[in-house]
Amino acid sequence: MSYTALYRKYRPGEFEDVKGQDHIVTTLKNQIKADRIGHAYLFCGTRGTGKTTVAKIFAKAVNCEHPVDGSPCGECASCRAIQAGSSMNVIEIDAASNNGVDDIRQIRDEVAYSPTEGRFKVYIIDEVHMLSGPAFNAFLKTLEEPPAYVIFILATTEAHKIPVTILSRCQRYDFRRISIDIIVGRLHDLMEQEQVETEDAAIRYIARAADGSMRDALSLLDQCIAFYLGEKLTYDHVLEVLGAVDTEVFSRLLRAILARDVTASIHILEEMVIQGRELGQFVIDFTWYLRNLLLVKSTDHLEDVLDMSSENLTLLKEEADMVDNDTIMRYIRDFSDLSAQLRYATQKRVLIEIALIRLCRPSMESAQDALADRVAYLEKQMEQGVVPPAAVQQAGNLSAGAAGVPKPQPASKPAMPKAIPEEVKQVVKQWRAIIGEMSGRARVLLGKAQLSLGGDNQLLLVFDDEMAYDYATDEVHRQEITDAISGRIGKEIEVKVQKNESGQPTGDFYPDLEQIVHMEIEIEDD
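For every chain, the first residue of its written sequence is number 1, and the numbers climb from 1 along that sequence. The model is predicted, so local features are restricted to residues of pLDDT at least 70 and side-chain atom pairs to those at 80 or more, both for listing and for counting; the totals for chains, interfaces and linings are taken over all residues. As a rule here, side-chain values cover all heavy atoms of the structure and leave hydrogens and water aside.

### Focus: the overall build of the chain
- Strands are runs of DSSP state E lasting at least two residues, helices are runs of H or I lasting at least four, and both sets are numbered from the N terminus onward. Per the secondary structure count, the chain includes 26 helices and eight strands.
- The buried share of the chain, taken over its 526 residues, is 45%.
- Residue contacts follow a heavy-atom distance rule, with two residues in contact if any of their heavy atoms lie within 4.5 Å. Across the chain, every contact between residues at least 6 apart in sequence was considered, and the portion connecting residues at least 24 apart equals 72%.
- Note on areas: Shrake-Rupley, 1.4 Å probe, and residue coverage restricted to the protein chains presented here. For the chain, the accessible surface area stands at approximately 26800 Å², while carbon and sulfur atoms represent 49% of it. When a residue's accessible area, from a 1.4 Å probe over protein chains only, is under 20% of the maximum for its type it is buried; when over 50% it is exposed; and in between it is partly exposed.

As structure tokens, then:
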């Protein structure tokens, strides 16, 4: 016998087996028990929530010879025929492929004939929103006044596309998304029947990935079991089959973004690509991770809502102290927009890389929330003594302009230093000779530095180029620079390294000592 998919094999056959739709099941059972059965029903809801299943159970129940508490017995001839799909009393129609006027006219002609057995003829029209306008018009009169032995059950995922004239003639039932806990319970029960050993974490991830759809959950579970047939289904197995990513990766990515580390962020994405992870799912899961972070940041006692282990929750609480609410919400908005773009993108990796770079470099954006992030970052740098006041002033002016304040005047260039220490002046005069004695790579990268005054008797190297900045901040290379300077002028000078985070030309915010010293030399020559 051929294999039957789990969602077909375990499709509920009676109302008691339907999970997560108690408000609908109770109402329908009460109608059957009280013999107050309507002539037209509209079942609305997302995919896999039980619309067609409940419609078939309802069709069995109204024709059952021995109903039990409003639910079909499953044993009589009528129940068995409907279950096998051989009953002439239950007619299923796919409106996606039978959506014309002629198809509706055929239904209108058929309803004139009473059922050969049982009480009711039940028409289940799936995806009814796909009917054409003329077809809906042709259906109106039949739907409003059908024969007493006819019941119409219309099922749709897009109720807003159905004309109001149709809606007003039906009893409407909205099927809810099924909760993660209900899906988990159902999957555990089915795995016991199938005698498949599973990890709780694996089942919970599948339930969350199903997004409220029991059918999707069973299909994903079927896929994972088939890949690791005969083995215990673990959390790692599920991640591998579904192309998903472990929470630890999202933690590393978030910390890299908060540290403004573009290189580390791109490397993490590179790992995901090499491992064959599905990039669209990667973005969706990271957005979910940020949502959890925002909840932790906003309130306490959310362990049940977050649905994660105590270890991951502890890590999340630690990260919540590293970022503010506005920044998290900006990240969520950016990745939500990115998720929508990826659906039709051919270069998904490129789009994700651009998004990561934008998050790591707020200076590339002009949106108000990005400007607020820049101001906060510059303030943090100033607290550490590495940001000039003029840079903070520039960011503040930009933020005020975004908030609707009249356009500010460009930030004034900082005043030139009144006096340059003699030792620093000697280094500036001989800087090209100093780096000329170093290795080829050092000459190229250090040649991109702008020399400025960092404080009393301190030489400040300012870089626009990130690679050059990373090179100069390395302790070994910085010591090489110090040694080369002391070897040249015979004195030890403290060297500070800083990256230009202002988003503007370096010379607008940092005095260029080479130009100043060069001007002094020319004046002396005159």
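### Here's the deal with the packing of aromatic side chains
- Ring geometry is summarised as follows: Phe, Tyr and Trp rings, the Trp one being its six-membered ring, pair when their centres sit within 6.5 Å, and such pairs are stacked at plane angles under 30 degrees, edge-to-face over 60 and tilted between the two. Counted by the stated rule, this structure contains 14 aromatic pairs.
- Between Phe286 and Tyr289, the aromatic rings sit 6.4 Å apart at their centres with planes inclined by 10°, giving stacked as the arrangement. Of this pair, Phe286 and Tyr289 are both found in helix α14 (residues 279-298), three residues apart, which corresponds to roughly one turn of the helix. Assigned by exposure class, Phe286 and Tyr289 land together as buried.
- Each residue in the set Tyr41, Phe43, Phe58, Tyr173 and Phe175 is aromatic and connected to the rest through ring pairs, giving one cluster.
- Here, over-ring charges are defined by two tests on the NZ atom of lysine or the CZ atom of arginine: distance to the ring centre within 6 Å, and angle to the ring normal within 35 degrees. Seen from the ring of Trp288, Arg291 lies directly overhead, with NZ or CZ sitting 4.5 Å from the centre.

### Remarks on the pattern of salt bridges
- The term salt bridge refers to a pairing of a side-chain nitrogen on Lys or Arg with a carboxyl oxygen on Asp or Glu at a separation within 4 Å. On inspection of all chains with the given rule, the structure shows 21 salt bridges.
- Ionic pairing is found between Asp35 and Arg119, a salt bridge with its closest N-O pair at 3.3 Å. You can see Asp35 sitting in the loop between α2 (22-34) and β1 (40-44) and its partner Arg119 sitting in the loop between α5 (101-110) and β3 (121-126), a full 84 residues away along the chain.
- Across the pair Glu353 and Arg349 runs a salt bridge whose closest N-O atoms are separated by 3.1 Å. In this pair, Glu353 and Arg349 both sit in helix α18 (residues 348-360), four residues apart, roughly one turn of the helix.

### Structural notes on the environment of Phe227
- Take Phe227: it is sitting in helix α10 (residues 214-227).
- When the C-alpha atoms of Phe227 and Glu240 are compared, they prove to be 9.8 Å apart, with 13 residues separating the residues in sequence.

### Digging into a negative patch on the surface
- Here, patches come from residues exposed beyond 30% relative accessible area and free of salt bridges, joined within 9 Å for like charges and within 5 Å for nonpolar side chains (Val, Leu, Ile, Met, Phe, Trp, Tyr). The sign given to each residue is positive for Lys and Arg and negative for Asp and Glu; His and the chain ends receive no count. Think of each charge as sitting on NZ of Lys, CZ of Arg, CG of Asp or CD of Glu. A grouping of Asp474, Glu475, Glu480, Asp483 and Glu492 is seen on the molecular surface, where their side chains present a negatively charged patch.
- Here Glu492 lies in the loop between α25 (475-489) and β8 (494-499).
- On the basis of relative accessibility, which here comes to 66%, the residue Glu492 falls in the exposed class.

### Observations concerning the side chain of Gln31
- Note that Gln31 resides in helix α2.
- Residue classification places Gln31 among the buried residues on the basis of a relative accessible area of 12%.
- Setting aside its immediate chain neighbours within four residues, Gln31 contacts Arg36, Ile37, Gly38, Tyr41, Gln171 and Tyr173.

### Digging into the nonpolar core
- The definition of a nonpolar core used throughout is a set of buried Ala, Val, Leu, Ile, Met, Phe, Trp, Tyr and Cys residues joined through side-chain atoms within 4.5 Å. Judged by nonpolar contacts, the single largest core of 36 residues is most densely connected at Leu254, Ile257, Phe286, Phe335, Ile352 and Leu356.
- Ranked by residues supplied to this core, first place goes to α14 with nine residues.
- Apart from residues lying up to four places away in sequence, Phe286 is in contact with Phe250, Leu253, Leu254, Ile257 and Phe335.

### Details of the environment of Tyr10
- With respect to the helices and strands, the residue Tyr10 is situated in the loop between α1 (6-9) and α2.
- When the C-alpha atoms of Tyr10 and Leu190 are compared, they prove to be 8.0 Å apart, with 180 residues separating the residues in sequence.
- Leave out the neighbours within four places in its chain, and Tyr10 touches Arg186, Leu190, Gln193 and Glu194.
- There is a polar contact of 2.4 Å between the side chain of Tyr10 and the side chain of Glu194. Between N or O atoms, a polar contact is any pair within 3.5 Å; within protein, one atom must be a potential hydrogen donor and the other a potential acceptor, and residues adjacent in sequence are included only when both atoms are from side chains.

### Quick look at the sheet that holds strand β2 (residues 90-94)
- By the convention used here, strands pair only if DSSP detects at least 2 bridges between them. As summarised here, the arrangement of the five strands in space is β2-β3-β4-β1-β5, forming an open sheet in which the pairing is parallel. Only two strands of the sheet have a single neighbouring strand rather than two, namely β2 and β5 (171-174). Each neighbouring strand pair of the sheet contributes to a mean axis angle of 15°, computed without reference to strand direction.
- Against the sheet, α5 makes contact with β2, β3 and β4 (150-156), and its axis sits at roughly 170° relative to β3, the strand it touches most.
- Note on definitions: angles span 0 to 180 degrees between N-to-C directions of axes, and those axes are lines fitted to C-alpha atoms, for helices only across the stretch in contact. On the sheet, helix α6 (residues 133-144) packs against β1, β3 and β4 and is oriented at approximately 135° with respect to β4.

### Notes on the pairing of β3
- In terms of residue burial, β3 counts as a mostly covered element, since five of its six residues are buried.
- Summarising the sheet, β2 and β3 pair through five bridges and their orientation is parallel. Following the sheet pairing, Val90 is matched in β3 by Val122.
- Classification remark: right-handed applies to a crossover when, strands pointing away from the viewer, the course from the first strand over the helix to the second runs clockwise. Read as a crossover between parallel neighbours, the route from β2 over α5 to β3 is right-handed.
- Relative to β4, β3 is paired through six bridges, and the arrangement is parallel. Across the sheet, the residue bridging to Lys121 is Val150, located in β4.

### Points about the confidence of the model for the chain
- Note on scores: pLDDT gives the predictor's confidence for each residue, bounded by 0 and 100. Per-residue pLDDT for the chain averages 81, and the proportion of residues at 70 or more is 82%.
- At the level of individual helices and strands, the chain shows its lowest average pLDDT in helix α20 (residues 389-402), which scores 47, and its highest in β1, which scores 94.
- Note that residues 387-395 has pLDDT below 50 and, in this model, 19 contacts with residues that lie over four places away or in other chains.
- Within the model, pLDDT remains below 50 along residues 398-416, and this stretch shows 21 contacts once partners closer than five positions in the same chain are excluded.

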